[in-house]
Amino acid sequence: MSNTTDVDAKHPQSNILVEENVVYDNVFTTPLDKAARFSFDEQVVACFPDMIRRSVPGYGQMLAMLPIFAKRHCQAGQVNAEGKRVSRVYDLGCSLGGATMALLNEKGGFGKEELQIKAVDISPAMTQKAEVLLQQNYPEHDIEVITADIRGFELEPCDMVILNLTLQFLPPADRTQVLQSIYNALNDGGILVLTEKTHTGDEQDDAWLVERYYDFKRANGYSELEISGKRNALENVLITDTLDQHHQRLAEVGFNRSLTWFQFLNFASMIAFK
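All of these numbers come straight from a predicted model, not from anything done at the bench. (Residues numbered from 1 in each chain as written. Predicted model: local features only at pLDDT ≥ 70, side-chain atom pairs only at ≥ 80, totals over all residues. Heavy atoms only, no water.)

**Overview of the confidence of the model for the protein chain**
Working step 1: Predicted confidence across the protein chain gives a mean pLDDT of 84, with 81% of residues reaching 70 or more.
Working step 2: Under a pLDDT of 50 for its full length, residues 1-39 has, in the predicted model, 87 contacts with residues more than four places off or in other chains. (pLDDT = per-residue confidence, 0-100. Contact = heavy atoms within 4.5 Å.)

Shown next as structure tokens:
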């Protein structure tokens, strides 16, 4: 994967600009067995930056706000191995470390002495690649990449937790327990940033939002075969909640305040305050 930030090419099937040497998402360009399920395997990992950029509306804007939130709410409440006070941040379901990179971006991000980041993902293919990328780009920062299921992962005290497009892949019955563990680990004044694909519960509104989402994907170069193939592969793998369900669950585990700060079609990002 290229580490360049120059945008000097176009995706072959669309008008969008892409980074040079990007591996394009072509996972669903051929018909799959109807029983095939989506998974974060080596094939997805290879094209993940292209996939998420072309599949998640507003993803770049959501990442760009993370250091802004962190600078406001991280209070250097932990002590690192060298005895220095730092803010501990968890990126749960970290994939290739996009949130971590956003926090450490040279434009508005944090210095190497300010944060301790623990990036956790259940996919070994993801964490192996994330560790390589983060070590290449941020070798002097305190970053630990961990392969683990967040449902059984014990969090240390922290100032901020990022849960981007992750809760939706867990069985609904397991979601409250994960949020409870996050709430318990956060220091007073800490925050959770929760980003999810959602639905409204209104059949007509949901149909409109889904069709506009597919229009968004068509505009980014995906074919009808790719759109339908991924939809079928995600069935019963990605299960959405309404925004009301999310906020109710956050309140149930103890967050005294939460709000939706960003929404783009059927994707939304929330912030919960302890």
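Continuing now.
**Notes on helix 6 (residues 203-219)**
Working step 1: Between its terminal C-alpha atoms helix 6 stretches 24 Å, which fits the 24 Å expected from 17 residues at 1.5 Å a residue.
Working step 2: Turning to helix 6, its buried residues number three or more, namely Asp-206, Leu-209, Tyr-213, Tyr-214, Phe-216 and Lys-217. Along helix 6, the residues classed as buried sweep out an arc of 150° about the axis, all on the same side. Residues of helix 6 that are exposed and point more than 90 degrees away from the buried face comprise Gln-204, Trp-208 and Ala-219.
Working step 3: Measuring from the side-chain oxygen of the N-cap residue of helix 6 to the backbone nitrogen of Gln-204 gives 3.1 Å; that N-cap residue is Asp-202.
Working step 4: Directly after helix 6, the chain includes Gly-221, whose backbone phi takes a positive value near 95°. (Helix = DSSP H or I, 4+ residues; strand = E, 2+ residues; numbered from the N terminus. Expected span 1.5 Å × (residues − 1). Buried < 20%, exposed > 50% of the residue type's maximum accessible area, 1.4 Å probe, protein only. Arc of directions from axis to C-beta. Polar contact = N/O pair within 3.5 Å; in protein donor to acceptor, adjacent residues only side chain to side chain.)

**Points about the UniProt feature "binding site: S-adenosyl-L-methionine" (unreviewed entry) in the protein chain**
Working step 1: Under the UniProt annotation, "binding site: S-adenosyl-L-methionine" (unreviewed entry) lies at Tyr-59, Gly-93, Cys-94, Ser-95, Asp-149, Ile-150, Asn-164 and Arg-231.
Working step 2: Position of Tyr-59 among the secondary structure elements: in helix 2 (residues 59-73).
Working step 3: A relative accessible area of 15% places Tyr-59 in the buried class.
Working step 4: Setting aside chain neighbours within four positions, we find Tyr-59 in contact with Ile-52 and Leu-165. (UniProt positions renumbered as here; feature names shortened; annotations may be inferred.)

**Some remarks on the packing of aromatic side chains**
Working step 1: Summed over all chains, the structure comprises 8 aromatic pairs.
Working step 2: Where Tyr-90 meets Phe-153, the ring centres are 6.2 Å apart and the plane angle is 75°; that geometry is what we call edge-to-face. One end of the pair, Tyr-90, is in strand 4 (residues 85-92); the other, Phe-153, is in the loop between strand 6 (142-147) and strand 7 (158-164), with 63 residues separating them in the sequence.
Working step 3: Classification of Tyr-90 by relative accessible area gives buried; the value is 0%.
Working step 4: Here the aromatic rings of Phe-216 and Phe-264 are separated by 6.2 Å at their centres, their planes lie at 65°, and the arrangement is edge-to-face. Of the two residues, Phe-216 is situated in helix 6 and Phe-264 in strand 9 (residues 257-264); the sequence distance between them amounts to 48 residues.
Working step 5: By relative accessible area, which is 19% here, Phe-216 ends up buried.
Working step 6: Classification of Phe-264 as partly exposed rests on a relative accessible area of 33%.
Working step 7: Chaining the aromatic ring pairs together yields one cluster made of Tyr-213, Tyr-214, Phe-216, Phe-264 and Phe-267.
Working step 8: Over the aromatic face of Phe-110 sits the side chain of Lys-71, whose NZ or CZ is 4.2 Å from the ring centroid.
Working step 9: Stacked on the ring of Trp-208, the Lys or Arg Arg-212 has its end atom at 5.4 Å from the ring centre. (Phe/Tyr/Trp six-rings, centres within 6.5 Å; stacked < 30°, edge-to-face > 60°. Lys NZ or Arg CZ within 6 Å of the ring centre and 35° of its normal.)

**Observations concerning the packing of helix 5 (residues 172-185) against helix 8 (residues 243-253)**
Working step 1: It is the contact of helix 5 with helix 8, at a shortest axis distance of 9 Å, that shows an interaxial angle of 50°. Classed by the angle they form, the pair helix 5 and helix 8 counts as oblique. Of the two elements, helix 5 crosses helix 8, and the hand of that crossing is right-handed. Listed contacts from helix 8 to Arg-175, Thr-176, Leu-179, Gln-180 and Tyr-183 of helix 5 are Arg-249, Leu-250 and Val-253.
Working step 2: Taken together, the residues that form the contact of helix 5 with helix 8 break down as 4 nonpolar, 2 polar and 2 charged. (Axes fitted to C-alpha atoms, helices over the stretch in contact; angles between N-to-C directions. Parallel < 35°, antiparallel > 145°, perpendicular 65-115°, else oblique. Left-handed = near helix turned anticlockwise from the far one by under 90°. Nonpolar A, V, L, I, M, F, W, Y, C, P; charged D, E, K, R; others polar.)

**Details of the state of the cysteines**
Working step 1: Summed over the entire model, instances satisfying the criterion amount to 0 disulfides.
Working step 2: The structure places no disulfide on Cys-158, whose sulfur is separated from the nearest cysteine sulfur, that of Cys-74, by 9.0 Å. (Disulfide = S-S within 2.5 Å.)

**Focus on the nonpolar core**
Working step 1: Within the largest apolar cluster, 42 residues are counted, with the highest numbers of intra-cluster contacts made by Leu-66, Val-89, Leu-103 and Met-160.
Working step 2: When residues in this core are grouped by element, the largest group, 6 residues, is from helix 2.
Working step 3: When neighbours within four sequence positions are excluded, Met-160 is seen to be in contact with Leu-66, Phe-69, Ala-70, Cys-74, Arg-88, Val-89, Tyr-90, Leu-186, Ile-191 and Val-193.
Working step 4: In terms of nonpolar packing, the next biggest core, distinct from the first, is built from 28 residues, Ile-146, Leu-155, Leu-167 and Leu-186 among them. (Core = buried A, V, L, I, M, F, W, Y, C linked by side-chain atoms within 4.5 Å.)

**Some points on the pattern of salt bridges**
Working step 1: Within this structure, the stated rule accounts for 12 salt bridges.
Working step 2: A salt bridge links Arg-218 to Asp-215; its shortest N-O distance comes to 2.7 Å. Here the residue Arg-218 and the residue Asp-215 both occupy positions in helix 6, the gap between them amounting to 3 residues, near one helical turn.
Working step 3: For Arg-218, a relative accessible area of 29% puts it in the partly exposed group. (Salt bridge = Lys/Arg side-chain N within 4 Å of Asp/Glu carboxyl O.)

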